[in-house]
Amino acid sequence: MALPGAIDAHTHFDMPCGDMTTSDDFYYGTRAAVAGGTTSIIDFSEPEHGTSLWNGLERWHEKADGKSFCDYGFHMTVSRYDEKLEEEIKGMVRNGVTSFKAYMAYIGDLGVTDGDLYRILKLIKKYNGLLLIHCENGEILDERRAELGETGPSDISNHPLSRPNEVEHDAVSRLIDMARLLDTQVYIVHTSTEEALAEIEKAKAEGVKVYCETCPHYLLLTDDRYREGGFEAAKYVCSPPLRKKKDNEALLRGIKEGAVDTVSTDHCSFNFKGQKDLGKEDFRQIPNGMPGVENRVELMLTYSDRQGISLNHTVKLLSENPAKIFGLYPKKGVIAPGSDADIVLIKPQSPHELSSKTQYQRVDYNPYEGTVVDYKVQHVFLRGHQIVSSGVPEERELFGQFLIRNTSVK
Ligand code: URP
Ligand code: ZN
Ligand code: ZN
């Protein structure tokens, strides 16, 4: 079957994290993306501490230009508010960076206060941009991390306890109130809990312009992983953490009833050996994040079949909706005359096991190791160029281009 190229609107390639950097850079990350049927990614660019958004843009162009198998755009991280920010936001939008990211967690690093978040939202609204928000109550989770880190630093099952459902729910609820007050659109990344989803559903019903993203790991995996296999559990340390089956089920319902708009990966790969294992003595030192960019399409097609989600609906979650939300439609997100010929040919009824041994992702594990998926990505075309043949990315020439995106106000 032929599908429009998938769009992964949430990746962290070549991302610094303390003394480390994510193991997939643009070359390896986008090679894995295309092998899995994704023809566009939108990565989070980060200005160096204390610098302007222009620094983030330059840095990310250096990382990505000439090194990408697929097309790529950037969301610009905003971790400060001051009188210079307005000009910078205006400049970003003019340069095709029409979406931004703020963190309600990671206080003292990337996180912003509620006051600054409100001001940032106001500015982004003025320029018709879209703010993506990592919703966790940073103060409460920091407090819990300190408490739990003191009593059981080497116990990874303390990771989900330090960031419980309430922490996400509170931040989502506060953000939605701000969006309502400002009458502006917001995009909630990696929604993981039943409680947060309920807030989003209520807000949508009231006409608040809120987009909801979830990720395959919040649909398919549970927090049991933190209690199994000893330190192997570190492979699943991500933020928000994996949740309970009831949360998986709520998000499935959210997909079926239309509250969930997109399924992205939050691909943020750290090797188990040499990166994750630096947190052996203290779960707080384990770098947060999991890989997934290569597996999203095959996993979601398989999951959708098993859960009774139609193929059209799945394509909306993986391609059409991100194209519309992030100012790429109808160039991307659809197979139609005049659109980019980003096309994925997929073979159904081709059961195979996902494994780190056979993956292109440059990371030494796969969170879905041993999972059987029923679909196999075979051939991929980017703007008409064949970039994957019989499952193998073409390394001769890299066709990936920077995506200059439009704004997309509802
Ligand atoms: O654990 C995660 N998700 N790491 C990546 C950064 C983020 O919060 O999205
Ligand atoms: Zn996040
Ligand atoms: Zn992320």
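Keep in mind that what you see is a predicted model, and the values were worked out from it rather than measured.

Rules used in this analysis
- Residues numbered from 1 in each chain as written.
- Chains lettered and ligands numbered in written order.
- Predicted model: local features only at pLDDT ≥ 70, side-chain atom pairs only at ≥ 80, totals over all residues.
- Heavy atoms only, no water.
- Donors = N, O, S within 2.8 Å, 3.2 Å for Na, K, Ca; no water.
- Tetrahedral: all angles 85-135°; square planar, octahedral: opposite > 155°, others 65-115°.
- Helix = DSSP H or I, 4+ residues; strand = E, 2+ residues; numbered from the N terminus.
- Buried < 20%, exposed > 50% of the residue type's maximum accessible area, 1.4 Å probe, protein only.
- Near = heavy atom within 4 Å.
- Polar contact = N/O pair within 3.5 Å; in protein donor to acceptor, adjacent residues only side chain to side chain.
- Areas by Shrake-Rupley, 256 points an atom, 1.4 Å probe, with all protein chains shown as cover.
- 1 Å grid on protein atoms, 1.4 Å probe; cavity = no way out; pocket = protein on both sides within 12 Å on 5 of 7 lines; lining within 4 Å.
- Sits in = over half its atoms within 2 Å of the grid points.
- Nonpolar A, V, L, I, M, F, W, Y, C, P; charged D, E, K, R; others polar.
- Core = buried A, V, L, I, M, F, W, Y, C linked by side-chain atoms within 4.5 Å.
- Contact = heavy atoms within 4.5 Å.
- Disulfide = S-S within 2.5 Å.
- Points joined across faces, edges and corners; volume = space filled by probe spheres on them.
- Pairing = 2+ DSSP bridges.
- Right-handed = clockwise from strand over helix to strand, strands pointing away.
- Salt bridge = Lys/Arg side-chain N within 4 Å of Asp/Glu carboxyl O.

Asker: Whenever I open this one, the coordination of the zinc ion (ligand 2) confuses me. Can you help?
Answerer: Six octahedral donors around a metal ideally sit at 90 or 180 degrees from one another, while four tetrahedral donors ideally sit at 109.5 degrees. Protein ligation of the zinc ion (ligand 2) involves His-134 (ND1) and His-190 (NE2), the donor distances falling in the range 2.1 Å. Around the zinc ion (ligand 2) sit 4 donor atoms, and with donor-metal-donor angles ranging over 57 to 145° the site reads as irregular. A spacing of 3.8 Å is found between the zinc ion (ligand 2) and the zinc ion (ligand 3). Placement of His-134 in strand β8 (residues 130–134) and of His-190 in the loop between β9 (186–188) and α8 (194–206) is noted, with a sequence separation of 56 residues between them. In terms of burial, His-134 and His-190 fall into one category: buried.

Asker: Looking at this model, I keep getting lost on the site of ligand 1. Mind explaining?
Answerer: Ligand 1 sits among His-10, His-12, Tyr-103, Tyr-106, His-134, His-190, Cys-238, Ser-239, Asp-266, Cys-268, Asn-288 and Gly-289. One nitrogen or oxygen atom from the side chain of Tyr-106 is found 3.0 Å from an oxygen atom belonging to ligand 1. Measuring from an oxygen atom of ligand 1, one finds a backbone N or O atom of Gly-289 at 3.4 Å. Burial of ligand 1 by the protein chains amounts to 96% of its free accessible area of 260 Å². Here ligand 1 occupies the largest pocket. Along the lines of polarity and charge, the residues of the shell around ligand 1 split into 4 nonpolar, 7 polar and 1 charged.

Asker: Which parts of the structure should I look at to understand the nonpolar core?
Answerer: One recurring pattern in soluble globular proteins: nonpolar side chains tend to sit buried together. With 101 residues, the main nonpolar core has Phe-100, Leu-117, Leu-131, Ile-156 and Leu-175 as its most contacted residues. Sorting elements by how many residues they give to this core places helix α7 (residues 165–182) first, with 7 residues. Sequence-distant contacts of Leu-117, that is, excluding residues within four places in its chain, are made with Ala-102, Met-104, Val-112, Leu-131, Leu-175 and Met-178.

Asker: Mind showing me how you'd approach the state of the cysteines here?
Answerer: Applying the stated criterion across every chain, the model contains 0 disulfides. Not part of a disulfide, Cys-238 finds its nearest cysteine sulfur in Cys-215, a span of 8.2 Å. Cys-238 gets classed as buried once you look at its relative accessible area, which sits at 3%.

Asker: For this particular structure, what's the right way to read empty space enclosed by the protein?
Answerer: A water-sized probe, rolled over the atoms, reveals where empty space remains. Tallying each qualifying case throughout the model produces 4 cavities of 30 Å³ or more. In this structure, the largest cavity occupies an estimated 60 Å³ of space. At the level of elements, β1 (2–4), α12 (311–325) and β12 (343–347) are the ones that each hand at least two residues to the lining of the largest cavity. Ranked by residues supplied to the lining of the largest cavity, first place goes to α12 with 3 residues. Taken together, the residues of the lining of the largest cavity sort by class into 8 nonpolar, 2 polar and no charged.

Asker: Quick question: what am I supposed to make of the pairing of strand β10 (residues 210–214) here?
Answerer: Looking down a regular strand, the side chains alternate between one sheet face and the other. Of all the 5 residues making up β10, 5 are buried; the element is thus mostly covered by neighbouring parts of the structure. The alternating pattern of β10 places Val-210, Cys-212 and Thr-214 on one face and Tyr-211 and Glu-213 on the opposite face, and all of these are buried. Here β9 pairs with β10 via 3 bridges, running parallel. In the sheet register, Val-186 faces β10, and the bridge partner there is Val-210. Tracing the backbone out of β9, into α8 and back to the parallel element β10 gives a crossover that is right-handed. Sheet topology places β10 next to strand β11 (residues 262–263); 2 bridges connect them, and they run parallel. Paired with Glu-213 across the strands is Thr-262, a residue of β11.

Asker: Just checking my understanding: could you explain the sheet that holds β11 for this structure?
Answerer: Sheet strands line up and pair through hydrogen bonds in the backbone, either parallel or antiparallel. The strand order across the open sheet built from 8 strands is β2-β5-β6-β7-β8-β9-β10-β11, with neighbouring strands paired in parallel fashion. Two strands close off the open sheet at either side, each with one partner strand: β2 (6–11) and β11. The sheet contact formed by strand β5 (residues 38–45) and strand β6 (residues 71–77) spans 6 bridges and is parallel. Considered in β6, the bridge of Asp-43 is made with Phe-74.

Asker: Sorry if this is basic, but what is going on with the pattern of salt bridges here?
Answerer: As enumerated under the stated definition, the model contains 36 salt bridges in all. A salt bridge links Arg-180 to Asp-177; the shortest N-O distance between them is 2.6 Å. Placement of the pair is Arg-180 and Asp-177 together in helix α7, with a separation of 3 residues, close to one helical turn. Note on Arg-180: relative accessible area 39%, which makes it partly exposed. The partner of Asp-340 in a salt bridge is Lys-332, with the nearest N and O atoms 2.8 Å apart. Of the two residues, Asp-340 and Lys-332, neither departs from the other in class, the shared state being buried. Sharing partners across several salt bridges, the network here consists of Asp-71, Lys-331, Lys-332, Asp-340, Asp-342 and Arg-383.

Asker: Where do I start with the sheet that holds β12 in this structure?
Answerer: Strand order across the open sheet formed by 5 strands is β1-β12-β15-β16-β17, with antiparallel pairing between neighbours. Each edge of the open sheet carries a strand with a single partner, namely β1 and β17 (392–393). Summarising the sheet, strand β15 (residues 376–382) and strand β16 (residues 385–389) pair through 3 bridges and their orientation is antiparallel. Within β16, the residue paired with Val-380 across the bridge is Val-388.

Asker: Mind showing me how you'd approach the layout of surface pockets here?
Answerer: In this model, the largest pocket occupies a volume close to 1000 Å³. Every residue lining the largest pocket is counted, 41 residues in all, and those nearest its centre are Cys-17, Gly-18, Tyr-106, Asp-109 and Leu-110. For the lining of the largest pocket, the secondary structure elements donating two or more residues are β3 (16–17), α2 (53–64), β7 (99–103) and α5 (138–151). By residue number, the principal contributor to the lining of the largest pocket is α5, which donates 3 residues. Of the residues contributing to the lining of the largest pocket, the split by class is 15 nonpolar, 14 polar and 12 charged.

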